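# Topology and contacts: notes
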Amino acid sequence: MPRAPPPPLSALLRRLSSHPSHSAALHATLLKSSSLSSPILATALLTAYAKAGLPGAASRLFDEMPARDAVAWNALIACHVRHRRPAAASEAVRGMAAAGFAPTAATLCTMLKACTSSRAVRPGRQVHALTVLACHDDVIMATALVDLYMSCGCIEEAKRLFAHMEERPKDVALCNALLSGCVENGHFREAFLMLGEIEPNGIALTCVLSACSATANLAYGLQVHCKALRCGFDSETILCNALIDMYAKCGRTVAARTVFDRMAGRNVLSWSSMIDGYSRHGHGKEALDLFERMEKSVPRVSPNAITFLAVLSACGHSGLVDQGRAKLHLMKSKYAIDPGPEHYACVIDMLGRAGQIDEAWDLYCSLRANLTGLSGAICVAMLNACISNIDVVRGNKVAGHLLEVDPQNTRNLVLISNFHAAARQWSVSDESRKVIMNKGLKKEAASSHVSMS
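This section reports on the structure supplied with the text.

## Concerning the overall build of the chain
Across its full length, the chain carries 26 helices and zero strands. Burial analysis of the chain (453 residues in total) assigns 45% to the buried set. Look at the contacts in the chain between residues 6 or more apart in sequence, and 58% of them connect residues 24 or more apart. About 23800 Å² of surface is accessible on the chain, with carbon and sulfur atoms providing 56% of the total.

Okay, here's the thing in structure tokens:
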């Protein structure tokens with residue numbers, strides 16, 4: 001019986017691109033038909049293995065390739081970068097040079113991405129020098145470089161790069177890279193000014209809304225919302241989530257709920273943000289009602305660990321102890337989510353606020369016995385519970401545990417000092433303050449945001 005002819009090259013490439021999980025089966029098919037001699041197919045298969053989470057298989061396939069071109073080397077480097085294997089990626093770059101292939105624009109962009117993800121500014125500058133030597137100074141390369149320098153906190157270098165492109169057209173990605181970098185590095189005023197100079201898009205507006213949330217700048221947030229409405233971006237889920245967060249952090253829960261109710265499609269972040277907004281302002285009943293509505297939503301959206309953290313926080317701030325216990329149990333029994341230290345810290349805080357110090361202590365002791373190590377958050381929550389319930393004996397024990405867990409945290413040392421002062425243990429309180437000075441630690445200064453019209 002004659003062997004069936006192999007599928008056309010275009011069909012195989014489409015299948016590898018759309019179904020990377022089928023890589024092993026397609027690999028077997030290509031071996032039988034002796035099609036892997038084609039570097040195009042072999043490179044496509046290598047990329048599919050990388051997308052399927054099989055970097056080892058991708059590396060073995062590369063080693064078996066009879067002929068390798070620059071595209072194949074770039075695919076291997078991208079595979080290593082995707083799976084956070086910087087040493088293997090660097091070795092592949094050296095191998096590419098040893099094989100006689102000069103780094104292409106794709107090679108340099110991939111290496112810049114690796115430097116960005118690991119915040120390695122020194123190797124990033126070396127790659128930058130290579131881009132200059134190779135005359136790769138287009139918009140795509142500039143965007144990757146701006147992203148690198150912003151992620152490493154080198155804001156002035158990123159600005160110089162952006163200004164260097166003034167004589168050339170700046171695309172949306174380059175502007176977004178600079179704007180989002182300004183927001184991430186806390187340069188909110190520059191982000192606000194920049195938005196007025198570029199063509200608005202969903203990503204830029206979302207970044208600026210994050211700045212409005214961080215500074216509680218309601219006036220500018222309202223302007224961004226209006227701009228989103230005028231430009232037709234108000235139906236984008238990511239932008240609506242940012243609006244909910246901004247209004248909630250500015251104390252406008254009604255406006256946040258209006259945005260939420262008008263959303264065409266809601267994801268778990270939408271529900272979690274709105275529940276967290278209610279939690280922040282002590283609207284525990286509304287938060288629980290919304291959570292129950294989330295459980296019945298169509299299409300179904302399952303709560304995640306962040307959702308439950310917001311719900312437990314809402315219960316704690318509103319004194320809904322029974323509901324908080326029930327939600328902690330629901331988290332484990334129905335949704336199979338293991339509570340983290342932050343969830344248990346919320347529950348201990350809730351019990352402490354409600355005056356149920358004995359139950360809080362029992363939970364704390366069980367966590368200390370079962371967990372490999374207590375987190376600072378759990379100790380802080382228990383110490384606050386001891387302070388509010390004037391439990392000096394237990395508080396002294398927790399203070400000792402907190403010093404073991406996180407001895408260099410200035411805020412914890414101040415909290416311990418305040419506890420001893422509240423217990424009228426003045427000498428011990430002064431000793432905690434002296435530790436801060438002797439270690440050269442500095443308490444983070446408090447700050448307030450004032451909006452000047």
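That was the structure; now back to the text.
## Brief notes about the nonpolar core
With 132 residues, the main nonpolar core has L179, I348, Y364 and M382 as its most contacted residues. With nine residues, the top contributor of residues to this core is helix α9 (residues 139-151). Residues within four places of L179 in sequence aside, it is in contact with A191, M194, L195, I198, A204, C207 and V208.

## Brief notes about the packing of aromatic side chains
Considering all chains together, one arrives at six aromatic pairs under this definition. Each member of the aromatic cluster is reached from another via a ring pair, and the members are F291, F308 and Y335. A cation over a ring is seen here: R68 above F62, with NZ or CZ 4.6 Å from the ring centre. It is R266 that lies over the ring of F260; its NZ or CZ is 4.6 Å from the centre.

## A short note on the environment of L45
Mapped onto the fold, L45 is located in helix α3 (residues 39-51). As a C-alpha pair, L45 and F62 span 17 residues in sequence and 9.7 Å in three-dimensional space.

## Quick notes on the state of the cysteines
In this structure the tally under the stated criterion is zero disulfides. Of all cysteine sulfurs in the structure, the one in C365 sits closest to C386, which takes part in no disulfide; the separation is 9.9 Å.

## A closer look at the pattern of salt bridges
The tally for this structure, following the rule as stated, stands at 14 salt bridges. Between D261 and R293 there is a salt bridge; the shortest N-O distance is 3.7 Å. With D261 in helix α16 (residues 253-262) and R293 in helix α18 (residues 284-295), this pair connects stretches of sequence that are 32 residues apart. Overall, D261 belongs to the partly exposed group, its relative accessible area being 40%. We classify R293 as partly exposed; its relative accessible area is 34%. Taken together, the shared-partner salt bridges connect E156, K159 and E190 into one network.

## Looking at the packing of helix α19 (residues 305-318) against helix α20 (residues 321-333)
Contact geometry of α19 with α20 gives a least axis separation of 9 Å together with a crossing angle of 165 degrees. Judged on the interaxial angle alone, α20 and α19 are roughly antiparallel. Relative to α20, the crossing made by α19 is left-handed. Note on element contacts: α20 touches α19 through Q323, G324, K327, L328, L330 and M331, opposite F308, V311, L312 and C315. When the residues that make up the contact of α19 with α20 are grouped by side-chain class, the tally is seven nonpolar, two polar and one charged.

What counts as what
Residues numbered from 1 in each chain as written. Predicted model: local features only at pLDDT ≥ 70, side-chain atom pairs only at ≥ 80, totals over all residues. Heavy atoms only, no water. Helix = DSSP H or I, 4+ residues; strand = E, 2+ residues; numbered from the N terminus. Buried < 20%, exposed > 50% of the residue type's maximum accessible area, 1.4 Å probe, protein only. Contact = heavy atoms within 4.5 Å. Areas by Shrake-Rupley, 256 points an atom, 1.4 Å probe, with all protein chains shown as cover. Core = buried A, V, L, I, M, F, W, Y, C linked by side-chain atoms within 4.5 Å. Phe/Tyr/Trp six-rings, centres within 6.5 Å; stacked < 30°, edge-to-face > 60°. Lys NZ or Arg CZ within 6 Å of the ring centre and 35° of its normal. Disulfide = S-S within 2.5 Å. Salt bridge = Lys/Arg side-chain N within 4 Å of Asp/Glu carboxyl O. Axes fitted to C-alpha atoms, helices over the stretch in contact; angles between N-to-C directions. Parallel < 35°, antiparallel > 145°, perpendicular 65-115°, else oblique. Left-handed = near helix turned anticlockwise from the far one by under 90°. Nonpolar A, V, L, I, M, F, W, Y, C, P; charged D, E, K, R; others polar.

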